[in-house]
Amino acid sequence: MRNYLLTISKTSVMKQIRYIVPAMILMSSATLAQQNGAIIKSDTIFVVKDYKPLLADADKYILQAPLPQPDSAKLKLKYNINPQLKKLPYTPSELKPVAMSRQDEQEKLQNLYVKAGFGTQYSPFLDAHYNNGRNDKFYFSANAYHLSGRGKPLFKNFSDTRINADTRFQTKKLTIGLDGGYKTNTFYYYGFNDQIVPDSAEVLPSKDESKRTYNLIHGNLFVKNATTSKSGIDYLFNLSEKYFYTNGDVSENEVETGLKLSKVHHTIHRFNLGIGFNHISLNDSSASGSYWLLPFHPYYEYEKDKLYARAGFNLVISDSAFFIPDIHVQYSLLNGKVIPFLRVDGMMDKNIMMYRSIDNPFINRNIERSIGASYNFGGGVKGSISDYVVFAAEVHYRLYNFLPIYTPDSLNQVRFSVNYAENAGIFNPHVELGFRRNDKFATTLKADYYRFDIDAVDFIASSYPEWRVTLNASYNIQEKILVTADVFLNAPVTFQYTGKRTTINTGAWADANLSVIYNYKSNFGAYLRLNNLTASQYARWYRYNTYAFVMNAGLVFKL
C-alpha cells in the first residue's frame, strides 16, 4: 500500500479522507473473508486524485512593510551666486498675445494731438504734438506751439512760438539721439515811467524801437551704449550748441561737449567720471568776448537696502577754478514712509543774456556778463503719511558768487539793468504737501520763504519776493471732464532804481487760473481756459502790469 503525504489545507485533507475510508473498509472485508476460509484474489487498489489547490482555501497572512520615519530636520544650504546687473537700453514695448479677439484689440496710441483756439486780447493759440508710435528701433516726435496777443496799453503785444523735434535710433550696441528746435519770443517795452508826461520834452520811442525779439536755435546729439561691454563700463557722449540772437546787434553762441563713464561693482557700487569742454562766445554793439570752461566731475554712488549715498565733486577750470562739492545722503525709514536726506551741491551760473532774459525779458540790450558758481547746503525729510498724502520739507542755504539783481532805469520806458551782488546768500525753507485719491483728484501745496544776505551797501534784494505760495489741483470726472486750477500768492516786491537808493514797492498780489477740457469722444473734445480770475492788474516787474483777465477756448483733436 502506497502512502500519500498531504500538506495542504484542512479542507483538502477532509476531501481526501472520503476516498481513503471506503478503501479501508474494503480491505477489512477481504481480511475477514480470508479468515473464514474464503479464497479471494489479492488486488491492489490505488486511489488517485489530482490535487488542485484553491487560493480561497489557503490561509492568509497580512504583511505590511513599515514606513520610514519622516526626517523633520531642515538642511541649511549655502549658495554662492555672483550678482550681475542687467542693463535695459530702452523701455520695451508692452507684451501682447499673438492672436487677439475682436473684443480685445490692441490699445491704439494717439500719435497726433492738436489743441487750437482763440481768446481775448486777439490771442490765437496752437499746441500740436506728433510721434511715430510703437517702434523699438526708431522713435520720432515733434511739437509746435504758438501763443500771441494784442492788448492795451500801447505796445502791450507779445508772441511766443516754438518748434522742436526729437529722434532716437536703437541698434544692438548703441543708442543714438538727436534733438533740436527753434524758439522766438517777441514783446515790447510798455513800462512807461511816471515822470514822462505828454507836455514834457521827452519823446516816447516808436513801436519799432520798442520791439524786442529773442531767438534761440538749439541742437543736441548724444551716443550711449545699449549693452554693457565686457569691461562693464557704460558711456554717454553728448555734443550740444545754442545760438541766441536778438533783433538788435546781440548774439551769443554756446558749444558744450561732454563724456560720462560709469561702472557698476556688485550692483551696489557705481563709479562715475564726467569730463567736458564748454565755450561761450559773445557779441553785441559795444563789446565782444568769450568764456571757456573745463569741467571735471568724479563721483561715487552707493545704494543698498534703505541707504543711498553719493560723494564727489565738480571742478570747473576757467579764468579761475571753481570747486563744487557733490554730496547727497538719504535713508529710508518705516518702509519708505519717512526719508530724511542731506545734500551739499551746486552749479555753474552763466550770467549772459541767453539765460538772464528768461528770468526778466525786459532787460537792457547790453548787460554785464559774468561766470560764477552757486553752492547749496540743505537737508530735510520727505515721505508719505498714507497711501494718499505725501510731504516734503527742506531748509537750504544757497551762496552765490554773483547774485543777479534787476534794477529799473528811470528814463523813458522802464528797462532793467542787471547788476551782481558778490558773495550773496539766500536762506530758503521750503515745504510741500500733496494729496491724491483714486487718480481722480489731486492737489499740491507749495510754500517758500526767502531771506537775503547781501553785504553790499548800495544793494538790496531788488526784484525778489520774500515769500511765495502755490496751490495746484486737478479733478477728473468719469474720464470725460478734466478740471485743473492754479492759485499763486506772492509777497510784495521791492525794486531799487539803478544808481539810486530810491525804492518802490509793488505790493502783494494773487492770481488764479482755471482750465476745463471736455473729451466728447476719445479723439475729439473742447477746452476752456481762464487766466487771472482775480482780474488784478498786478506787476511782477515794476511798471509792467499783466492783463486783467484772459479767456481762451478751442477744440482738441487726437488721432
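Residues numbered from 1 in each chain as written. Predicted model: local features only at pLDDT ≥ 70, side-chain atom pairs only at ≥ 80, totals over all residues. Heavy atoms only, no water.

**Considering the overall build of the chain**
Now for step 1: Within the chain one finds three helices and 27 strands.
Now for step 2: Expressed as a percentage of its 559 residues, the buried residues of the chain come to 33%.
Now for step 3: Intrachain contacts of the chain at a sequence separation of at least 6 include 56% that bridge at least 24 residues.
Now for step 4: Carbon and sulfur atoms form 59% of the exposed surface of the chain, whose accessible area is close to 35600 Å². (Helix = DSSP H or I, 4+ residues; strand = E, 2+ residues; numbered from the N terminus. Buried < 20%, exposed > 50% of the residue type's maximum accessible area, 1.4 Å probe, protein only. Contact = heavy atoms within 4.5 Å. Areas by Shrake-Rupley, 256 points an atom, 1.4 Å probe, with all protein chains shown as cover.)

**Quick look at the packing of aromatic side chains**
Between two aromatic rings, the relevant description is the distance of the centres plus the angle of the planes.
Now for step 1: The full count for this structure, using the stated rule, is 34 aromatic pairs.
Now for step 2: Seen from the ring of Tyr145, Arg162 lies directly overhead, with NZ or CZ sitting 4.5 Å from the centre.
Now for step 3: If you follow Arg540 out to its NZ or CZ, it ends over the ring of Trp541, 4.2 Å from the centre. (Phe/Tyr/Trp six-rings, centres within 6.5 Å; stacked < 30°, edge-to-face > 60°. Lys NZ or Arg CZ within 6 Å of the ring centre and 35° of its normal.)

**Points about the side chain of Glu394**
Now for step 1: By the secondary structure assignment, Glu394 is in strand β15 (residues 389–408).
Now for step 2: Setting aside its immediate chain neighbours within four residues, Glu394 contacts Phe341, Arg343, Gly378, Gly379, Gly380, Asn428, Pro429 and His430.

**Focus: a nonpolar patch on the surface**
Now for step 1: Among the surface-exposed residues, Leu433, Leu445, Tyr449, Trp467, Leu471, Val487 and Leu489 lie close enough to one another that they form a single nonpolar patch of about 560 Å² accessible area.
Now for step 2: Elements represented by at least two residues in the nonpolar patch include exactly β17 (441–449), β19 (467–477) and β20 (481–490).
Now for step 3: Inspection of the secondary structure puts Leu445 in strand β17. (Patch = residues over 30% accessible without salt bridge, like charges linked within 9 Å, V, L, I, M, F, W, Y side chains within 5 Å. Salt bridge = Lys/Arg side-chain N within 4 Å of Asp/Glu carboxyl O.)

**Quick notes on the side chain of Arg369**
Now for step 1: Considering the arrangement of structural elements, one finds Arg369 in the loop between α3 (353–359) and β14 (370–384).
Now for step 2: Of the polar contacts made by the side chain of Arg369, one reaches the side chain of Asp284; its length is 2.6 Å.
Now for step 3: Polar contacts involving the side chain of Arg369 include one to the main-chain carbonyl oxygen of Ile367, which spans 3.4 Å. (Polar contact = N/O pair within 3.5 Å; in protein donor to acceptor, adjacent residues only side chain to side chain.)

**Describing the pattern of salt bridges**
It is possible for side chains bearing opposite charge to pair when their charged atoms get close.
Now for step 1: Summed over all chains, the structure comprises eleven salt bridges.
Now for step 2: The salt bridge involving Glu254 is made with Lys350; its shortest N-O contact spans 2.5 Å. Separated by 96 residues along the polypeptide, Glu254 in strand β8 (residues 251–265) and Lys350 in strand β13 (residues 338–351) bring together distant segments of the chain.
Now for step 3: Accessibility expressed as a relative area gives 17% for Lys350, which makes it buried.
Now for step 4: Here Asp453 makes a salt bridge to Arg451, at a shortest N to O gap of 3.8 Å.
Now for step 5: Several salt bridges converge on common partners, so that one network encompasses Glu252, Asp284 and Arg369.

**Here's the deal with the environment of Val418**
Now for step 1: Turning to its location among the elements, Val418 is positioned in strand β16 (residues 416–437).
Now for step 2: Overall, the relative accessible area of 4% leaves Val418 in the buried class.
Now for step 3: Sequence separation between Val418 and Ile352 is 66 residues; the distance between their C-alpha atoms is 10.0 Å.

**Considerations on the pairing of strand β2 (residues 123–131)**
Now for step 1: Across eight bridges, strand β1 (residues 112–119) lies against β2 in antiparallel orientation. In the sheet register, Ala116 faces β2, and the bridge partner there is Leu126.
Now for step 2: Linkage of β2 to strand β3 (residues 138–151), two consecutive antiparallel strands, is achieved through a turn of six residues, within which Gly133 is found at a positive phi near 80°. (Pairing = 2+ DSSP bridges.)

**What about the confidence of the model for the chain?**
Now for step 1: Predicted confidence across the chain gives a mean pLDDT of 83, with 78% of residues reaching 70 or more.
Now for step 2: In the predicted structure, residues 1–14 sits below a pLDDT of 50 and forms eight contacts with residues beyond four places in sequence or in another chain.
Now for step 3: Within the model, pLDDT remains below 50 along residues 30–40, and this stretch shows three contacts once partners closer than five positions in the same chain are excluded. (pLDDT = per-residue confidence, 0-100.)

**Focus: the pairing of strand β4 (residues 156–170)**
Now for step 1: With 14 bridges connecting them, β3 and β4 associate as antiparallel partners. Its bridge partner lying in β4, Phe138 is registered against Phe169.
Now for step 2: The sheet contact formed by β4 and strand β5 (residues 174–188) spans 13 bridges and is antiparallel. Residue pairing for β5: Ala165 is matched across the bridge by Gly180.
Now for step 3: Counted between consecutive antiparallel strands, the loop separating β4 from β5 contains three residues.

**Digging into unusual backbone geometry**
Most peptide bonds take the trans form, and the phi angle of most residues other than glycine is negative.
Now for step 1: Of note in this structure, Tyr122 is not a glycine but carries a positive phi near 50°.
Now for step 2: Take Tyr122: it is sitting in the loop between β1 and β2.
Now for step 3: Overall, Tyr122 belongs to the exposed group, its relative accessible area being 56%.
Now for step 4: One non-glycine residue with positive phi stands out, namely Gln478, at about 55°.

**Here we look at the environment of Tyr300**
Now for step 1: Within the fold, Tyr300 resides in strand β10 (residues 288–304).
Now for step 2: Here the alpha-carbon distance between Tyr300 and Asn272, two residues 28 residues apart in the chain, equals 6.0 Å.
Now for step 3: Leaving out residues up to four positions away in the same chain, Tyr300 has contacts with His269, Arg270, Phe271, Ala309, Arg310 and Ala311.
Now for step 4: Polar side-chain contacts of Tyr300 include one of 2.6 Å to the side chain of His269.

**Looking at the environment of His146**
Now for step 1: Tracing the backbone through its elements, the reader meets His146 in strand β3.
Now for step 2: For His146, a relative accessible area of 22% gives the class partly exposed.
Now for step 3: Note: C-alpha distance between His146 and Ala128 (18 residues apart in sequence) is 9.3 Å.
Now for step 4: If near-sequence neighbours (up to four positions away) are discounted, His146 is found in contact with Pro124, Phe125, Leu126, Ser159, Asp160 and Thr161.
Now for step 5: A distance of 3.1 Å separates a polar atom in the side chain of His146 from a polar atom in the side chain of Ser148.
Now for step 6: There is a polar contact of 2.8 Å between the side chain of His146 and the side chain of Thr161.

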